[in-house]
Amino acid sequence: MPTNARTLTLNLFLNHVGHHEAAWRHPSTRPEDLFGPDHYVRLARRAEAAKLDAVFFADGPVLHGGIEHNAVGGLEPILTLATIAAHTERIGLVATASTTYYEPYNLARLFATLDHLSGGRAGWNVVTTASAQASANFGLDAHPDPEVRYARAEEFLQAATRLWDSWEADAVLVDREAGRYADPARIHPAEFAGEHLAVAGAFNAARTPQGRPVLVQAGSSNTGRAFAARWAEAIFTAHQRLEDAQAFYADVKHRALDHGRDPEQVKVLPGISPFLGSTEAEARALEEEYDELTVPAFGLRQLSGQAGVDLTSLDLDAPVPLEIFADAGDVTDNSRSRFQVVAGIVQRERPTLRQLLHRLAGARGHRVVAGTPEQVADTITEWFTSGAADGFNVMPPSLPSGLDAFADHVVPILQARGLFRTEYAGTTLRDHLGLDVPENRYTAARAAGSDDEARAAERALAEA
């Protein structure tokens, strides 16, 4: 594979025992193992053997409804990924954490620790937490509005990046003869004060192997896109149609350019959930097998929450009423982006409620593809080569069997086409993704002029 060739990013999206909501009922899975380390270590090692870029954990600080009918509980992702780090060597480790329900210093420290312990493989999926239930778990009277959450997130990233830049790369001296461990002139206080957050002191950990963890973002609303254009190095998104993915791809790349960023340093990664079979009919039969295991009460609860309307009284075998999705909005007002994906399915396909529940059971609005390995590889290739994606979050319907099928049968096809690596070229997540190491702001200020000018630049940064 030419070293300058554009290559796919492929992440494994870890989700309990699979992304299909009925995966826990299938005999190929072991939901009994969800609260032990072996399940996650095995999956990460299998993904690493296939040379995938990263494993990714979604998370939220709340027990979501539907626990009676689905395995929706889960372990804390940063600690789980630290365990995985001890049993792997190359694969990236991306954890979800909320800017609404953490503070910058402790979260920056957690990710810096993961980056150090893993040798530079950490990534942070930045979320603001949409679930209103979370507020009560943190002693709040109400969940902040989206505008407030994103304003806090903006300040959070400013504070966190100051903390990660706090130690310049040459701050640690280890000069035993002179008795100097570090150079205090190369360690800087964050000195950040905003409307929502304030962080005063210097960080208590050295600069990490990646400079800072890879920053990932998953919101597709206009507010989320604006935030991603400013900060994200990878964007997780959900699309059903190629043309919608192309429009999103072009939009976020353009927004990044408007911020003075290199669009190639922003990776767009839709989700794909593949049902694989030796024939298309076999793959579709497997999908139907999983759909038949769904519990309608669970899907109805999830969909009712999205729609803001109680749907439990509707006939499962009657067409979904179009008026339920009348307020979904359009591309100019996409504050409910995932709801719009569902609305598009209803408007285009006019499914019955049962059919819609089955469509969403596979991957919660992400694209589900049932077919042969060649057909799945063709879909990935088409989206990658036509300006719709830089890669994919792979969301196997079941784990580990769905991962094994993808690794054994789809990855080799993509490798044979020259689209995916056969060996890791580097050791860090930034290496895998082709992302630059961010320049330390204080080192850059010093390089730009005298020490006096550097100190002035530092003060200006602190006041920005």
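Residues numbered from 1 in each chain as written. Predicted model: local features only at pLDDT ≥ 70, side-chain atom pairs only at ≥ 80, totals over all residues. Heavy atoms only, no water.

Novice: How should the side chain of Asp115 be read in this particular structure?
Specialist: Positionally, Asp115 belongs in helix H3 (residues 104-118). Although buried, Asp115 forms no salt bridge, and the nearest oppositely charged side chain, Arg430, lies 6.9 Å from it. Among the polar contacts listed, one links the side chain of Asp115 to the backbone nitrogen of Ala122, at a separation of 3.1 Å. With residues near it in sequence (within four places) discarded, Asp115 still touches Gly120, Arg121, Ala122, Thr208, Pro209 and Gln210. (Helix = DSSP H or I, 4+ residues; strand = E, 2+ residues; numbered from the N terminus. Buried < 20%, exposed > 50% of the residue type's maximum accessible area, 1.4 Å probe, protein only. Lys, Arg positive; Asp, Glu negative; His and termini not counted. Salt bridge = Lys/Arg side-chain N within 4 Å of Asp/Glu carboxyl O. Polar contact = N/O pair within 3.5 Å; in protein donor to acceptor, adjacent residues only side chain to side chain. Contact = heavy atoms within 4.5 Å.)

Novice: Got a minute to help me understand unusual backbone geometry in this structure?
Specialist: Leaving glycine aside, a negative phi is the common case for residues, and trans is the common case for peptide bonds. At the junction of Leu399 and Pro400, the peptide bond is cis and its omega measures out at 15 degrees in the coordinates. Examined against the element boundaries, Pro400 turns out to sit in the loop between strand S13 (391-394) and helix H13 (401-416). Within the chain, Lys51 stands out as a residue other than glycine whose phi angle is a positive 70 degrees. When you line up the elements, Lys51 lands in the loop between helix H1 (37-49) and strand S2 (54-57). Phi at Val174 takes a positive value of approximately 50 degrees, unusual for a residue other than glycine. Following the sequence through the fold, Val174 ends up in strand S5 (residues 172-175).

Novice: Which parts of the structure should I look at to understand the packing of H1 against H13?
Specialist: Axis angle and axis distance: for two packed helices, these are the angle between their axes and the distance between the axes, and together they describe the pair. Direction vectors running N to C along H1 and H13 enclose 10 degrees, while the axes themselves pass 10 Å from each other. Put simply, H1 runs roughly parallel to H13. Along its contact with H1, which presents Arg42, Leu43, Arg46 and Ala47, the element H13 presents Leu403, Asp404, Ala407 and Asp408. Here the residues of the contact of H1 with H13 are counted per class, giving four nonpolar, no polar and four charged. (Axes fitted to C-alpha atoms, helices over the stretch in contact; angles between N-to-C directions. Parallel < 35°, antiparallel > 145°, perpendicular 65-115°, else oblique. Nonpolar A, V, L, I, M, F, W, Y, C, P; charged D, E, K, R; others polar.)

Novice: Help me out: how do you make sense of the side chain of Gln240 in this one?
Specialist: Following the sequence through the fold, Gln240 ends up in the loop between strand S10 (234-237) and helix H7 (242-258). On the basis of relative accessibility, which here comes to 10%, the residue Gln240 falls in the buried class. A polar contact of 3.1 Å, which involves the side chain of Gln240, links it to the backbone oxygen of His366. Setting aside chain neighbours within four positions, we find Gln240 in contact with Val341, Ile345, Arg348, Arg359, Gly365, His366, Arg367 and Trp383.

Novice: What is the right way to read the packing of aromatic side chains from this model?
Specialist: Aromatic rings in a pair are described by how distant their centres are and how their planes are angled relative to each other. Taken as a whole and assessed by the stated rule, the structure comprises eleven aromatic pairs. Judged by centre distance (6.2 Å) and plane angle (80 degrees), the rings of Trp124 and Trp164 are edge-to-face. Placement of the pair is Trp124 in strand S4 (residues 122-127) and Trp164 in helix H5 (residues 146-165), with a sequence separation of 40 residues. Here the two residues Trp124 and Trp164 agree in accessibility, since each one is buried. Three or more aromatic residues joined by ring pairs form one cluster here, namely Phe111, Trp124, Phe156 and Trp164. (Phe/Tyr/Trp six-rings, centres within 6.5 Å; stacked < 30°, edge-to-face > 60°.)

Novice: Please clarify how the confidence of the model for the chain should be interpreted in this entry.
Specialist: This prediction gives the chain a mean pLDDT of 91; 93% of its residues lie at or above 70. Counted against residues more than four places away or in other chains, residues 331-335, with its pLDDT under 50, gives eleven contacts. (pLDDT = per-residue confidence, 0-100.)

Novice: Could you clarify how one ought to interpret the packing of helix H9 (residues 296-307) against helix H11 (residues 353-361) in this entry?
Specialist: Two elements in contact, H9 and H11, have axes whose closest approach is 10 Å; the angle formed by their N-to-C orientations is 85 degrees. By the angle between their directions, the pair H9 and H11 is classed as roughly perpendicular. For the pair H9 and H11, the contacting residues are Pro296, Gly299, Leu300 and Leu303 in the first and Leu353, Leu356, Leu357 and Leu360 in the second. Split into classes, the residues belonging to the contact of H9 with H11 amount to seven nonpolar, one polar and no charged.

Novice: Could you clarify how one ought to interpret H1 in this entry?
Specialist: Every α-helix winds through 3.6 residues per turn, so residues three or four apart in the chain are directed the same way. In a regular helix each residue adds 1.5 Å, so 13 residues correspond to 18 Å; H1 covers 18 Å between its end C-alpha atoms and thus fits that length. Restricting attention to buried positions, one finds in H1 the residues His39, Tyr40, Val41, Leu43, Ala44, Ala47 and Glu48. Turning to H1, the residues buried within the fold contact strand S1 (9-14), S2, helix H2 (77-85) and H13. Lys51 sits one or two positions beyond H1 and adopts a positive phi of about 70 degrees. (Expected span 1.5 Å × (residues − 1).)

Novice: Is there a simple way to think about the pairing of strand S11 (residues 267-276) in this case?
Specialist: In summary, the side chains of a regular strand alternate between the two faces of the sheet. The buried count for S11 comes to ten of ten residues, which makes it a mostly enclosed element. Where S10 meets S11, four bridges bridge the pair, whose relative direction is parallel. Bridging from a neighbouring strand, Ala234 pairs with Lys267 of S11. Handedness of the crossover joining S10 and S11 through H7 is recorded here as right-handed. In terms of strand pairing, S11 meets S13 through two bridges, oriented parallel. Residue pairing in the sheet places Gly271 in a bridge with Asn393 of S13. (Pairing = 2+ DSSP bridges. Right-handed = clockwise from strand over helix to strand, strands pointing away.)

Novice: Whenever I open this one, the pairing of S1 confuses me. Can you help?
Specialist: Among the six residues of S1, six are classified as buried, and the element is accordingly described as predominantly covered. Burial along S1 is two-sided: Thr9, Asn11 and Phe13 and Leu10, Leu12 and Leu14, pointing in opposite directions, are all buried. Pairing geometry for S1 and S13, over four bridges, is parallel. Note on S13: the bridge partner recorded for Asn11 is Asn393.

Novice: Sorry, what's going on with the pattern of salt bridges here?
Specialist: Where side chains of opposite charge bring their charged atoms close, a pairing between them can arise. For the structure on display, the rule yields 25 salt bridges. In this structure, the salt-bridge partner of Arg186 is Asp170, at a minimum N-O distance of 3.6 Å. Here the residue Arg186 occupies a position in the loop between strand S6 (180-182) and strand S7 (192-193), and Asp170 occupies one in the loop between H5 and S5, the gap between them amounting to 16 residues. Put simply, Arg359 and Glu349 hold a salt bridge, and the shortest N to O gap is 2.6 Å. With a gap of ten residues between them, Arg359 in helix H11 and Glu349 in helix H10 (residues 337-349) connect regions that are remote in the sequence. Residue Arg359 is classed as partly exposed on the basis of its relative accessible area of 28%. Given the relative accessible area of 42%, Glu349 is considered partly exposed. Each member of the salt-bridge network shares a partner with another, and the members are Arg42, Arg46, Asp404 and Asp408.

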